[in-house]
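Structural overview
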Amino acid sequence: MEKGRRTARGEREIGHAGGYAPGPTVICVAGLHGNEPAGVEALDRVFRSILELRLSVKGEFAGLAGNLTALGRRERFVSEDMNRIWSRDRVDRMNHTAAADTTSEMREQVELHRELDRLIGRVPGPVYVIDFHTASSTTAPFVVLGD
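How each quantity is defined
Residues numbered from 1 in each chain as written. Predicted model: local features only at pLDDT ≥ 70, side-chain atom pairs only at ≥ 80, totals over all residues. Heavy atoms only, no water. Phe/Tyr/Trp six-rings, centres within 6.5 Å; stacked < 30°, edge-to-face > 60°. Helix = DSSP H or I, 4+ residues; strand = E, 2+ residues; numbered from the N terminus. Buried < 20%, exposed > 50% of the residue type's maximum accessible area, 1.4 Å probe, protein only. Pairing = 2+ DSSP bridges. Right-handed = clockwise from strand over helix to strand, strands pointing away. pLDDT = per-residue confidence, 0-100. Contact = heavy atoms within 4.5 Å.

This paragraph deals with the packing of aromatic side chains. For the structure on display, the rule yields one aromatic pair. Here the aromatic rings of F47 and F61 are separated by 4.6 Å at their centres, their planes lie at 20 degrees, and the arrangement is stacked. Taken as a pair, F47 in helix α1 (residues 38–53) and F61 in strand β3 (residues 60–65) lie far apart in primary sequence, 14 residues in all. Taken individually, F47 and F61 each receive the classification buried, so the pair is uniform in this respect.

Right, let's get into the pairing of strand β2 (residues 25–30). Of all six residues in β2, five are buried; the element is thus mostly enclosed. By the bridge criterion, six bridges tie β2 to β3 in an arrangement that is parallel. Paired with A30 across the bridge in β3 is A65. Between the parallel pair β2 and β3, the chain is carried across by α1, and the sense of this crossover is right-handed. Sheet topology places β2 next to strand β4 (residues 127–131); five bridges connect them, and they run parallel. Across the sheet, I27 pairs through a bridge with V129, a residue of β4.

On average, residues of the chain score 86 in pLDDT, and 90% of them are at 70 or above. Low pLDDT (under 50) marks residues 1–9, which in the prediction has 26 contacts with non-local residues, meaning those over four places away or in another chain.

For the rest of this paragraph, the subject is unusual backbone geometry. One non-glycine residue, R54, lies in the positive phi region at around 55 degrees. Checked against the element boundaries, R54 lands in the loop between α1 and β3. Residue class for R54 comes out exposed when judged on its relative accessible area of 76%. The phi dihedral of R74 is positive, around 60 degrees, even though this residue is not glycine. As for its position among the elements, R74 is in the loop between α2 (68–73) and α3 (88–93). The exposure class assigned to R74 is partly exposed, which follows from its relative accessible area of 35%.

What follows is the structure, encoded as structure tokens:
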């Protein structure tokens, strides 16, 4: 990704595939930290391959960019770590806060939350959300699972 670009397409949605046949919904979020563009780039490649190879996807597969402003700056965050602001209390009150009283990451969180709600709200089956991050040292890929 070139310096100054938000995502390969400059939008929150990196890509979307499927929605035509029954199956689970998988949503990948990348770039919650602006200095971690690798997940955004990887998802962009995957969606381009799906299109080029005309692959059929059961269920839905979506990729979303997290912190667009920080990604554009190639900085970890602007005001606060977006990966640390997802408490239940904060999510519950974020839509009731005036935009002028918020940080860059809070505004990004509201937009990302709306996209997640839009995707999750329209599907009848199971939904899996995967949050991509980049390690700061050499390591094998790993996954952390929660509830």
